[in-house]
Amino acid sequence: MEKHNCCYPATQKYPHPFIHQVKLTRVQRIRGIILGTVLFPLRMALAALFFLIIWPVARLRLAGLPEEERAKPVRGWRRWFFHPIIHLLSRAVFFSVGFLWVKVKGQRADLKEAPVLVVAPHSSFLDMVVLCPAQLAMVVSRSENANLPVIGALLEFNQSVLVSRKDPESRKKAVTQLQERLTSNGYWPQMLMFPEGTTTNGSVLIKFKPGAFVAGVPVQPVLLRYPNKLDTVRWTYRGTTWLEALWHTTSQPYTNMTIEFLPVYNPSQEEKNNPSLYADNVQKLMAKALGVPATDYVLEGGVPVSKLGGLSLPLESPAKETLSLLHRNGLGSQEVDEALCRMIDRCQSGGQDSKVKPEELASILKLSDEQTAVDICGLYSKDKTVDLRHLYLGVSAVTGHADPKTLLHTAFPLFDREGGGSLSVEELSDLMGALLGVPQHNTAQLYSSTSSDGQLTEENLLQVLTTHPTYLKVSEHLQPQQADSQPSLTPVANGKSGYGNVHNGKGSIHYKKNE
């Protein structure tokens, strides 16, 4: 299994919530193999059997209904006949994979008391056990899941709200559906939502998405806990895979789970008018009850970031990983220095596009292995290209001799397309994306804070980034990482790092190895 260290950047205040690795002793591993050899196939066979029974029964609930009737909540015999059958079979599925007992604390609120249940932390697909004590409340799911065997039938049975994350129109339609259902005064059944929007390791609560709170109706917070000796259930962005999580969980004699229904949260008028404030306050309440921090971390475009005044600060520096890849490919400090010079000269020449493909990047960096160039491109984009401006500025920061002022002085003219000494909102987004290492889609707040009379100058931007209480963290983020997390930059005998800085004639910074 892939292992991940626990060293986090100095600017990262809380543990990384998107990495989880099941840690097993030798005895636990041997025990798991022995038990898993028997329990895994047996439990999977039982779960598959129950799913095969669920599949046609779930489809029958809406069978024969015209489209207009399907758009209404199911009533009458179709509800009282099929609902308890699917409820029992759903519990049987989770029983078969090891959830023999589920402890429930508190009491689920009535539909009119709380039209929506908000559940956290979201740890795994196995969290769906919560639907059993929630009486199969309606959920929100990705539209792609509707095409999956069994799952698609259950989503149809549940009359779930489906949304495509890639389609803005689908998201708007889903928000409209949510508001209609949550404000229907009992016409639609209760809904259940995971406001974190993705799975974590449970060490913190990440920022809640406002979807469950847009209607401004009361919500009931629901806490999930897995009080087991081995934390096998969690499946996150990196670490244990979903299949490993399933294997480890089903290899245990049983898995404990506690579901706690907290008192209903009634929003104030201010919270009703501001769904983001409402979401933040409920997040803090649930985090306090769980005894974990409430954070502003999110998974944005598949990248773990923390939110800061509209900006996105990556939890994992792509530039730091780039530098690590370069050193693993045999590039020392002198070679990295030379590569930086070639990159900035290319960017400042203006004669060529700053975006390059792996083969061209390998040539610029003088890499012996083109796969390293492919890996570097993958850190910055999904289209197998990298912007040399981003690469240059990021690597310059992590080497430790480029302070934020110097970086900004180098970056500003690279993104000032008109050469007038002022940036537009779009150009500011590009510049901040290059400095921080991830795309920035919401720089309007920063632009408003820095521009004067429609002009955003280098001086104004520097002043805000180094003095504004919100954006000071950007300067901190651009500081070099702790030395113990970057073995390639260990100090040399004279107390200086392997890199020294010198300016070229164009006002940008290059690096010179200290002799």
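Numbering of residues starts from 1 in every chain and runs along the sequence as written. The predicted nature of this model means local features are confined to residues of pLDDT at least 70 and side-chain atom pairs, given and counted, to a pLDDT of 80 or more, with totals for whole chains, interfaces and linings taken over all residues. Derived side-chain values reflect all non-hydrogen atoms in the structure, with water molecules and hydrogen atoms excluded from consideration.

1. With respect to the pattern of salt bridges
Stage number 1. For this document, the term salt bridge refers to a Lys or Arg side-chain nitrogen within 4 Å of an Asp or Glu carboxyl oxygen. In this structure the tally under the stated criterion is 14 salt bridges.
Stage number 2. Between arginine 238 and glutamate 316 there is a salt bridge; the shortest N-O distance is 3.2 Å. Of this pair, arginine 238 sits in strand S8 (residues 238-239) while glutamate 316 sits in the loop between strand S12 (311-314) and helix H9 (318-328), placing them 78 residues apart in sequence.
Stage number 3. What makes glutamate 316 partly exposed here is its relative accessible area of 23%.
Stage number 4. Across the pair glutamate 300 and lysine 307 runs a salt bridge whose closest N-O atoms are separated by 2.8 Å.
Stage number 5. Residues joined in a network through salt bridges with shared partners are Arg59, Arg70 and Glu156. Here a helix means four or more residues in a row that DSSP labels H or I, a strand means two or more in a row labelled E, and each is numbered from the N terminus. When accessible area is computed with a 1.4 Å probe and restricted to protein chains, residues below 20% of their type maximum are described as buried, those above 50% as exposed, and intermediate ones as partly exposed.

2. Quick look at the sheet that holds strand S11 (residues 303-308)
Stage number 1. Pairing in this open sheet of three strands is antiparallel, and the strands run S10-S11-S12 from one edge to the other. Where the open sheet ends on each side, the last strands, each with one partner, are strand S10 (297-300) and S12. This sheet shows a mean twist of 50° between the axes of neighbouring strands, independent of strand direction.
Stage number 2. If DSSP finds at least two bridges between two strands, the strands pair. The sheet contact formed by S11 and S12 spans four bridges and is antiparallel. Looking at the pairing, leucine 308 lines up with leucine 311 of S12. Simply put, an axis is a line fit to the C-alpha atoms, just over the touching stretch for a helix, and the angle between two N-to-C directions goes from 0 to 180 degrees.

3. Remarks on the packing of helix H1 (residues 26-60) against helix H3 (residues 77-96)
Stage number 1. One can describe the packing of H1 onto H3 by two numbers: an axis separation of 9 Å at closest approach and a directional angle of 165°. If you check the angle between H1 and H3, you find them roughly antiparallel. Seen along the crossing, H1 lies across H3 with a hand that is left-handed. Here Arg43, Leu46, Ala47, Phe50, Phe51, Ile53, Ile54, Val57, Ala58 and Leu60 of H1 come into contact with H3, specifically with Arg78, Phe82, Ile85, Ile86, Leu89, Ser90, Ala92, Val93 and Ser96.
Stage number 2. Residues that form the contact of H1 with H3 fall into these classes: 15 nonpolar, two polar and two charged. Convention used here: angles under 35 degrees read as roughly parallel, angles over 145 as roughly antiparallel, angles from 65 to 115 as roughly perpendicular, and any remaining angle as oblique. Here a crossing is called left-handed whenever its near helix is offset anticlockwise from the far helix by less than a right angle, and right-handed whenever the offset is clockwise. The contact rule is simple, with two residues in contact once any of their heavy atoms fall within 4.5 Å. Classification used: nonpolar for Ala, Val, Leu, Ile, Met, Phe, Trp, Tyr, Cys and Pro, charged for Asp, Glu, Lys and Arg, polar for all others including Gly.

That's the geometry; what it means functionally is another story.
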